Structures are given as structure tokens and as C-alpha cells.
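# Close look at the chain arrangement
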Amino acid sequence: MSEKNPTRRDFVETAAKSALAAALVPAGFPMIVPRHVLGGPGYQAPSDTLNIAIVGFGGMGSGNANVLAQAENLVAICDVDLGFADRNVSDKEKEKNRDGTLRPEGAKLRAQFDKAAKYRDFREMLDKQKDIDAVLVATPDHNHAVVAKAAMQLGKHVYVQKPLTTTVHEARTLAQMARDNPKIVTQMGNQGHSGDGTRNVVEWIQAGVIGPVREVHVWTNRPIWPQGVPRPTAPAQQVAAGSSFGNGWNSRSISNAIASAMSAGGSPMPDGMRWDLYVGGNSEDIPYHPVYHPFNWRGWTNFGVGALGDMGAHLIDQPYWALGLTQPVSIEATSTPWGTMPLPPLEAGGRMRSTPICYPQAMLVHYEFPARGKQPPVKLSWYDGGLQPPRPDVLPDDIEMVREGGVIFIGDKGILMHETYGNNPRIWPESLMEKAKAVPKTLPRITVSHEFNWAAACKGQGKASSPFEYAAGLTETMVLGIVALRAGQGKKILYDGAAANVTNVAAVNQYLTREYRTGWAV
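Note that this is a predicted model, so its numbers are computed, not measured.

Calculation notes
- Residues numbered from 1 in each chain as written.
- Predicted model: local features only at pLDDT ≥ 70, side-chain atom pairs only at ≥ 80, totals over all residues.
- Heavy atoms only, no water.
- Helix = DSSP H or I, 4+ residues; strand = E, 2+ residues; numbered from the N terminus.
- Buried < 20%, exposed > 50% of the residue type's maximum accessible area, 1.4 Å probe, protein only.
- Contact = heavy atoms within 4.5 Å.
- Areas by Shrake-Rupley, 256 points an atom, 1.4 Å probe, with all protein chains shown as cover.
- Pairing = 2+ DSSP bridges.
- Axes fitted to C-alpha atoms, helices over the stretch in contact; angles between N-to-C directions.
- Phe/Tyr/Trp six-rings, centres within 6.5 Å; stacked < 30°, edge-to-face > 60°.
- Lys NZ or Arg CZ within 6 Å of the ring centre and 35° of its normal.
- Polar contact = N/O pair within 3.5 Å; in protein donor to acceptor, adjacent residues only side chain to side chain.
- pLDDT = per-residue confidence, 0-100.

### Digging into the overall build of the protein
- For the protein, the helix and strand inventory stands at 16 helices and 17 strands.
- Split into buried and exposed, the 522 residues of the protein put 57% on the buried side.
- Contacts in the protein between residues far apart in sequence, at least 24 positions, make up 73% of those at least 6 positions apart.
- If you sum the accessible surface of the protein, you get close to 22,200 Å²; carbon and sulfur atoms cover 52% of it.

### With respect to unusual backbone geometry
- Cis rather than trans, the peptide bond between H293 and P294 has omega equal to 0°.
- Relative to the helices and strands, P294 resides in the loop between α11 (275-279) and α12 (306-315).
- Residues W428 and P429 are joined by a peptide bond in cis, for which omega reads 0°.
- By the secondary structure assignment, P429 is in the loop between β15 (426-428) and α14 (430-437).
- The backbone phi angle of F295 is positive, close to 75°, even though this residue is not glycine.
- Locating F295 in the fold gives a position in the loop between α11 and α12.
- Judged by relative accessible area, F295 falls into the partly exposed class, the value being 44%.

### So, the sheet that holds strand β2 (residues 73-78)
- One open sheet holds the six strands; their spatial order is β3-β2-β1-β4-β5-β6, and the pairing between them is parallel. At either end of the open sheet lies a strand with only one pairing partner, and these are β3 (117-119) and β6 (186-188). Put simply, the sheet's adjacent strands are angled 20° from each other on average, direction ignored.
- Looking at chain direction, strand β5 (residues 157-160) and β6 are connected through three bridges and run parallel. Note that in β6 the partner of Y159 across the bridge is Q187.
- Taken strand by strand, helix α5 (residues 104-115) contacts β2 and β3, and its axis lies near 60° from that of β2.

### Things to note about the packing of aromatic side chains
- The full count for this structure, using the stated rule, is 15 aromatic pairs.
- For the pair W275 and Y292, a centre-to-centre distance of 6.2 Å together with 25° between the ring planes defines the contact as stacked. With a gap of 17 residues between them, W275 in helix α11 and Y292 in the loop between α11 and α12 connect regions that are remote in the sequence. This pair shows no difference in class: W275 is buried, exactly as Y292 is.
- Taken together, the ring pairs connect W275, Y278, Y288, Y292, W300 and F303 into an aromatic cluster.
- Just above the ring of W225 sits the side chain of R298; from NZ or CZ to the centre is 5.7 Å.

### Overview of the side chain of D141
- Here D141 is to be found in the loop between β4 (134-137) and α7 (144-153).
- Look at D141 and you get buried, because its relative accessible area is 0%.
- In this structure D141 touches K162, P163, T166, W297, R298, F303, G304 and V305, once residues within four positions along its chain are discounted.

### With respect to the sheet that holds strand β12 (residues 378-383)
- Read from one edge to the other, the open sheet built from nine strands follows the order β15-β14-β13-β7-β12-β11-β8-β16-β17, with strand pairing classed as mixed. Of all the strands in the sheet, the pair left with one neighbour each is β15 and β17 (501-502).
- Relative to β17, strand β16 (residues 493-496) runs antiparallel, the two being bridged by two bridges. Bridged to D496 within β17 is N501.
- Across the sheet, helix α9 (residues 196-206) touches β7 (213-220), β13 (405-411), β14 (415-419) and β15, and the angle it forms with β14 is around 170°.
- This element, helix α16 (residues 468-487), spans β8 (330-335), β11 (363-369) and β16 of the sheet and lies at about 60° to β8.

### A word on the side chain of Q327
- Tracing the sequence through the fold places Q327 in the loop between α13 (317-322) and β8.
- Taking the relative accessible area as the measure of exposure, Q327 reaches 11% and is therefore buried.
- Of note is the side chain of Q327, whose polar atom sits 3.4 Å from the side chain of Y320.
- Here G473 takes part through its backbone oxygen, which lies 2.9 Å from a polar atom of the side chain of Q327.
- Among all residues touching Q327, those that are not within four sequence positions of it are R172, Y320, F369, P370, G473, E476, T477, L480, Y495 and G497.

### Some remarks on the environment of E72
- Note on placement: E72 falls in the loop between α3 (59-68) and β2.
- In this structure E72 comes out as buried when scored by relative accessible area, which is 3%.
- Sequence separation between E72 and F452 is 380 residues, and the spatial gap between their C-alpha atoms is 9.0 Å.
- Engagement of the side chain of E72 in a polar contact is seen with the backbone nitrogen of L50, the distance being 2.8 Å.
- A polar side-chain atom of E72 sits 2.8 Å from a polar atom in the side chain of K459.

### A look at helix α15 (residues 450-458)
- For α15, a buried count of nine out of nine residues is recorded, marking the element as mostly surrounded by other parts of the structure.
- Turning to α15, its buried residues are H450, E451, F452, N453, W454, A455, A456, A457 and C458.
- If you follow the buried residues of α15, they end up packed against β1 (51-55), α3, β4, β5 and β6.
- One or two residues past the end of α15 sits G460, with phi positive at roughly 85°.

### Side note on the pairing of β7
- Of all eight residues in β7, six are buried, a share of seventy percent or more.
- Where β7 meets β13, seven bridges bridge the pair, whose relative direction is antiparallel. If you follow V216 over to β13, its bridge partner there is F409.
- Taken together, the five bridges between β7 and β12 define a ladder with parallel strand orientation. Bridge pairing in β12 links V218 to W382.

### Structural notes on the confidence of the model for the protein
- Overall, the prediction assigns the protein a mean pLDDT of 88, with 87% of residues at 70 or greater.
- Here residues 35-47 is a poorly scored stretch, pLDDT under 50, and it has 22 contacts once near neighbours within four places are set aside; other chains count.
- Between residues 235-242, whose pLDDT stays under 50, and residues either more than four places distant or in other chains, the model counts 14 contacts.

Below is the structure:
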């Protein structure tokens, strides 16, 4: 850690004016600036700050950095598109308070960003920059484990955006590294885990307010990015003039037309962008296209884990924690069509083939979890793409199942429903809600942001809220839904969590890991 104290000029003039911008975290989350930022008469600042490197300075990376920049020291910024990173900072400089005045946080972030060393290759950064204490990873999902592993091998604390990893193998690798290196402080970026709403849910469920829980339903309106579409192709493919169905406008030809249209609508790569580093650990070369960067990468199998990977950490988190779940014993998935890419026939004159490259627009996943002690087995169902579960009979007609997303626990005595991140938990029948209010608060409340919680833990002040010890298991459950979908529509797979092995369809085990480019393996 740096031996230089944070100065009053650095911190008081910015962060002391207000708590950090509410836009940095979901509504309902605490956002309290650490005491040492505020200073004050008779108060002596701590003797050090945390030297942090940010790898991936896009949407979430710049948001996380904006929080940490108010109290910690950003010593390095690594992004394959530094021009985009700079624009993110400029956008935050323009953010205003309700009275029209500029928020001070953006100016602080700009100062920290400008002084930080800049890199495009995280490997070069880790090799050259010896003053890094901790690394925050907010790249597209496919490089999370690659960067986190490299940082942990050097003894750096790590904060990794959700999903922690893209595969079961990666999740288990990072979990083992965390166990082997207990002095390394780890955190996954599922900020709802630090919220009061989530902690209320856990306490109420574990106190038995709604009775034993045998059924849980989880839903989200995501994706809000492209899914179920083909990969851009060139040259343009022509639609057939006719077919046995009357014309050439069948689903395949329309898919080809969409792929061609996206190719025609492409644009040059941003100046200075290192696309090879963006592709990262992928075993295949993917040509640059703006449909991937920025933001829209999440729906493509090479880069993301779809809606389940994005929102599962914010929605499956609460039942996973509250019910003490480990790994499911069976998983079954079904969906709308995948987005595909054509493949040549296996032999001359043979049928054209295709391979899935873009997650479906909507999917359902049904998990079965075993009994845990006196707790009964649990069936958990996931719905995305705007699909929702049926309304429980006990839910009053005037209560909305929020379209954005939520969770319903079905207990023997009643139901508990909450929104995304664990926000706004409520219980029906209403008589049980009164009992819930009397449940003691047995879990510690996190009074700072998820990022500050991690930074404090790195300095020996408390514990990280969502360490890899917990987050890796949650991530494994999430990505097993994708494994089941790859197994085939409606095909139930049986899973041995102790051995991390699909027992009834051996071929499906290939999806528990992935192929890597040479030098990038996890």
C-alpha cells in the first residue's frame, strides 16, 4: 500500500460535500463515504490508501472506479479501448445534482484517471506496475477468470464483476486459489449481496416466517442487448427466389439476411483499439464488429453468459444464500432459438450446418436442489427475456410482479417476494409480514458501498461481503443453466456437485470448461 497519506485537498473538497452519486448503485442501496474521506477537527486520516488497478474501464468498470476514486488511489487503468474509457470519464464529469450543479465525484475521477498509468494489455500492467495492491476486473465475462487468476498469482486482492466466471472449471479454479491464499481479499460485484433488502430476506426465510420453502421462481426482463441473432457475415448472402414453401423467406434465409445487413452496417475499429486483446482467451478469431463493443458483447457466446450470467448474481443470490443451497442435482433448460453461424457441410454436397453463437432471446431453466438437513428439496425456476412465472394465489390482485425482475419464495405458510438486488421484500399473507418485522437482525449491515466494503477488507478492516468462497458456488449454479441449455432442449442433466460432473450424458461435460487461446488458459 502507498505510504503517502491522502490529503485534505484531495478528498475533502470533493467527497465531503455529499455522499457519492446515487446513480453509481441501484436504488435503495447505502452509499456512505468512509469516515477518513470526510476528515474533521481532531481526526487523523489513516496512514495509507489502497493502490488499485482497474482492468476494463467500460460501463461497470468506470462506475466502480468512480466510487473507489473518492477515497482510494487509482494507480493504473487498463482497457483495450482507452478512447472509450476516457469518454466514460467525461460523461461522469457532466453528471449534475438535482439543483443543476456539477457533482464533485466526476472531477475527482478525472484527476485520478489522468494521473494513472495507462495500459491496453493487463499482462504488461501486472509485469511493470509494482505498486498495485488490488485489481478490479470489469472486462467482458470471458476474460474475468483470466485476469483474476493472473492478479491472484501475484498476491493482489481482486474484485471481479459478475458473473465471476463463464464456466464451472473457472469458478472452481478461482475458488481454490482463494482458499490457498487466505490473505488475498476477494469480492464478486453482485452489489445486492451487501444490501439491507437481501439481508432481510435471508433473516426472514431462515427464521421460518413463511415456513419450509420447496419452490422458488426467479425472473428478469433481460436481455436488453442483442440475443438470438446471427453473427455478421460477409459478403452478403442473397435470399433464395423460391422454395417448396412458396418463396425463399424462411427462417434460415431471414437469418442470413440479418447477418448480411449487420455486416453491411459495420464501421471501422476505434482508433487505437487492441481487438486482439479484447478477443482475449477465445480459441477462435472473431472479426471486429460494433455489435460486440461496447456493451452488446453480453449476448454472444464468445464474450458473455447472456441474461442468466448478467442477472443471476443479482436474483439467484438471495435464494442461494437464504436457503443454504449448494449445487443442483438436476438442471433442465428450454428456450427460443439460438442465434447461429453457418458451417460448411461435412462432405461435398452434404447438408449445411450451423453452430450456436448468440444466446436465445428467452429461456427457462429448472433446477432441483437436494434437501439440506431438515430443509426440504427445492425446485428453482429461472425465466428471462421478459417471461414471468404464474402469479401465486395468495398474492393480492393489486400487487405488481415488477417486469424488471424479482423472486418469489413459495413457503408452506405463505410467500416472500422481492425485486432485483433483494430490494423491497414483502410477505403475504400480511399477518406474516408483521412477524417478519419482529425477526432479529442477526446479519451485519454493510454501511458503505460494495466497492468500499472490499477496499476496507483489503486493508484489514472487516470482511468482504461476497468473497469467492461464496460467489464461486453461486456462479457455478448460474452457468450450469447454460450447460443444460447446450445439452439440448428440455433434456434434463444430472449433476454430481462433489465431483463437478454430469453423470447421465457424458458428452455434456465438455461445456463445464472451454477452449482457450495459447497462453490464456485458466
